[in-house]
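Each chain is listed here by its residues.
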Amino acid sequence: MMLAAELALAKVDVAVVERRPDHVLVGSRAGGFHSRTIEVLDQRGIADRFLAEGQTAQAAMFGTTMLDMSDFPTRHPYALGIWQNKIERIMAAWITELPVRIYYGSEVTGFAQDDTGVDVERSDGEPLRARYLVGCDGGRSAIRRAAGIEFPGWDPTKSTLIAEVELTEEPPQGMRHDAIGVHALHTMEDGRTVRVIVGEQQLGPSSEPTLRDLSEALIAVYGTDFGIHNATWISRFTDMTRQAAAYRAERVLLAGDSAHVHYPAGGQGLSLGVQDAVNLGWKLAQVVNGTSPESLLDTYQAERHPVAARALQHTMAQSALQRRDERNKALIDVVSELASMDEPRKRLAGLISGLDIHYDLGEGHPLLGRRMPDLDLVTDDGPLSVFELLRGAKPLLLNLAEPGGFNLTPRAERVQLIDAEYVGPWELPVLGAVTAPTAVLVRPDGYVVWVGDGTHLGLPEALTAWFGPPTAG
Ligand SMILES: Cc1cc2nc3c(=O)[nH]c(=O)nc-3n(C[C@H](O)[C@H](O)[C@H](O)COP(=O)(O)OP(=O)(O)OC[C@H]3O[C@@H](n4cnc5c(N)ncnc54)[C@H](O)[C@@H]3O)c2cc1C
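Predicted, not measured: the structure shown is a model, and the values here were computed from it.

Rules and cut-offs
Residues numbered from 1 in each chain as written. Predicted model: local features only at pLDDT ≥ 70, side-chain atom pairs only at ≥ 80, totals over all residues. Heavy atoms only, no water. Helix = DSSP H or I, 4+ residues; strand = E, 2+ residues; numbered from the N terminus. Rg over C-alpha atoms; globule rule 2.2 N^0.38 Å. Buried < 20%, exposed > 50% of the residue type's maximum accessible area, 1.4 Å probe, protein only. Contact = heavy atoms within 4.5 Å. Lys, Arg positive; Asp, Glu negative; His and termini not counted. Charge placed at Lys NZ, Arg CZ, Asp CG, Glu CD. Near = heavy atom within 4 Å. Polar contact = N/O pair within 3.5 Å; in protein donor to acceptor, adjacent residues only side chain to side chain. Nonpolar A, V, L, I, M, F, W, Y, C, P; charged D, E, K, R; others polar. Pairing = 2+ DSSP bridges. Core = buried A, V, L, I, M, F, W, Y, C linked by side-chain atoms within 4.5 Å.

Helices and strands together make up the secondary structure of the chain, namely 12 helices and 29 strands. What you see for the chain is a C-alpha radius of gyration of 23 Å, in line with the 23 Å of a compact globule of 473 residues. Taking all 473 residues of the chain together, the buried fraction comes to 52%. For the chain, the share of sequence-separated contacts (at least 6 apart) that also reach a separation of at least 24 residues comes to 69%. Separation between the mean location of the 43 positive side-chain charges and that of the 63 negative ones in the chain comes to 2 Å.

Next up, the structure:
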């Protein structure tokens, strides 16, 4: 849905094919997202919709250590607790405001690509012809398989059941750790349904779990199944960790869980997927609109593959830290001590929050390849924040020196030029203070691709590389 929104904002004709009958998600699934994802939604002006229905908290964890990030220089120095079914409902409502077509109850059963497009076969009707197809179809992605993209990684070693049930006995609230991992019981907002997360003694099968499986797992950990009944949702997740070897096979691309799966420790999966979408959306739009060559799409994998690979590595480490047997406890104690020190805290919080993402765009100012901070600016149109200027998902050349120092003709339609004043500090999460630039060129996803130092050196090249040659479009 995020990718569809990004494409629609760039005026690309886009359709979502979803096999579910509607956007309603059975089960709560993910419990929220992190700071950079809130920022990304803020860049589109919709963060408030999520903030209004969730709860902000210091919730970035590494192993057993809570990583307080309230001192990070961002408008959102926290995580947002909000269930995935609410997230999807809010997203679905947003994209109906944009020109996005959704075919619900429609399953992609295959596709055939040629030199100019992709014929997408569906279970319920005529094939759709598209210039590009993006598989956002989850960890078991049929599109990834049909594209012949390998999914190397690690097989599962442990499984956990997750369910929403009613209990006849009062359950102990909160988390419990043991040699298997982490278990949790949590009464939900209706006061009746309990969200159960319970590790299984042995790795469970890939078939759908049953109430009996849940009962056995609860008895093994808690000595009772609390009289479970009325399960509305039971699912199983594992610590399987895999990443697509390629994010693109010609006209077919992957984003979200179809490109990477991992143990949910740290709660990063949904955030990674939303940010994949925001990285890919404007690039794909420019290629479709004829502004940029297809090679721009290569930067999607070059930038996003390393980010997910790093998240996979850290979730595997976190998964190991959740096994609290006597021997592992020594490791946990050492890691906890280190993680509570200031420098490691910032590094780990930067990673889990997504605020430290650094796309490798070569040597230069520390802002190059990093997120543009949401500065409060004074412009000819009055006070505006950087994120407000990114709402339309259009590139931004921000001139912070003498007004009138830049001329964007003939790209004026494609790139916004804003003369602005900013008097505050320049500070980046994890890195700290950086030298104030005189101008910055910011992509629609909020990452800086050129930093001015009083000259225009490198600007024409950056504009062409990222937003197409002057004559394109
Ligand atoms: C217990 C648990 C807790 C988690 N907690 C967090 C958390 O706190 N924070 C976080 O960021 N992430 C969390 N995650 C991860 C998060 O849920 C996933 O990363 C996220 O849902 C991935 O989104 P996606 O859109 O890529 O894939 P999915 O959510 O899997 O969506 C894929 C969609 O494609 C549809 N589809 C599949 N195949 C087809 C087809 N052939 N044709 C048409 N439609 C199809 C499906 O119906 C589905 O709607 C958690 C996951 C689990 C299991």
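Read on, since the account is not over.
Next up on the list: the site of the ligand. In the neighbourhood of the ligand, 25 residues make up the surrounding shell, with Glu-18, Gly-32, Gln-84, Asp-257 and Leu-270 lying closest. In this structure, an oxygen atom belonging to the ligand sits 3.2 Å away from a side-chain N or O atom of Arg-29. Contact between the ligand and Gln-84: an oxygen atom at 2.8 Å from a side-chain N or O atom of the residue. Elements represented by at least two residues in the shell around the ligand include exactly β1 (14-18) and α7 (269-288). When residues in the shell around the ligand are grouped by element, the largest group, three residues, is from α7. Split by residue class, the shell around the ligand holds eight nonpolar, 10 polar and seven charged.

The strand order across the open sheet formed by three strands is β11-β20-β19, and the pairing between neighbours is mixed. In this open sheet, the two edge strands, each paired with only one partner strand, are β11 (133-135) and β19 (248-249). In the sheet, β11 pairs with strand β20 (residues 252-254) via three bridges, with the strands oriented parallel. Considered in β20, the bridge of Val-134 is made with Leu-253.

As a further point, take the pairing of strand β29 (residues 448-452). Within β29, five of the five residues are buried, which leaves it mostly tucked inside the rest of the structure. Note: strand β28 (residues 439-442) against β29, four bridges, orientation antiparallel. Note on β29: the bridge partner recorded for Val-440 is Val-451. Hairpin remark: β28 followed by β29, antiparallel, with five residues in the connecting loop; positive phi at Gly-446, about 90 degrees.

Counting residues in hydrophobic clusters, the biggest one holds 72 residues, and the most contacted among them are Met-2, Phe-50 and Leu-441. Here this core takes eight residues from α7, the largest share from any one element. Listed in part, the 20 residues of the second largest apolar core include Leu-375, Val-386, Leu-398 and Ala-420.

All right, on to the environment of Trp-94 then. If you trace the backbone, Trp-94 turns up in helix α4 (residues 84-97). For Trp-94, a relative accessible area of 5% gives the class buried. When the C-alpha atoms of Trp-94 and Met-1 are compared, they prove to be 9.1 Å apart, with 93 residues separating the residues in sequence. Not counting the four nearest positions on each side in its chain, Trp-94 is found in contact with Met-2, Ala-5, Leu-9, Arg-44, Ile-46 and Arg-49.

Okay, the side chain of Thr-241 next. With respect to the helices and strands, the residue Thr-241 is situated in strand β18 (residues 241-243). A relative accessible area of 1% means that Thr-241 is categorised as buried. Engagement of the side chain of Thr-241 in a polar contact is seen with the backbone oxygen of Asp-239, the distance being 2.9 Å. For Thr-241, the residues in contact, after removing those within four places along its chain, are Pro-152, Gly-153, Trp-154, Val-261, His-262, Tyr-263, Leu-312 and Met-316.

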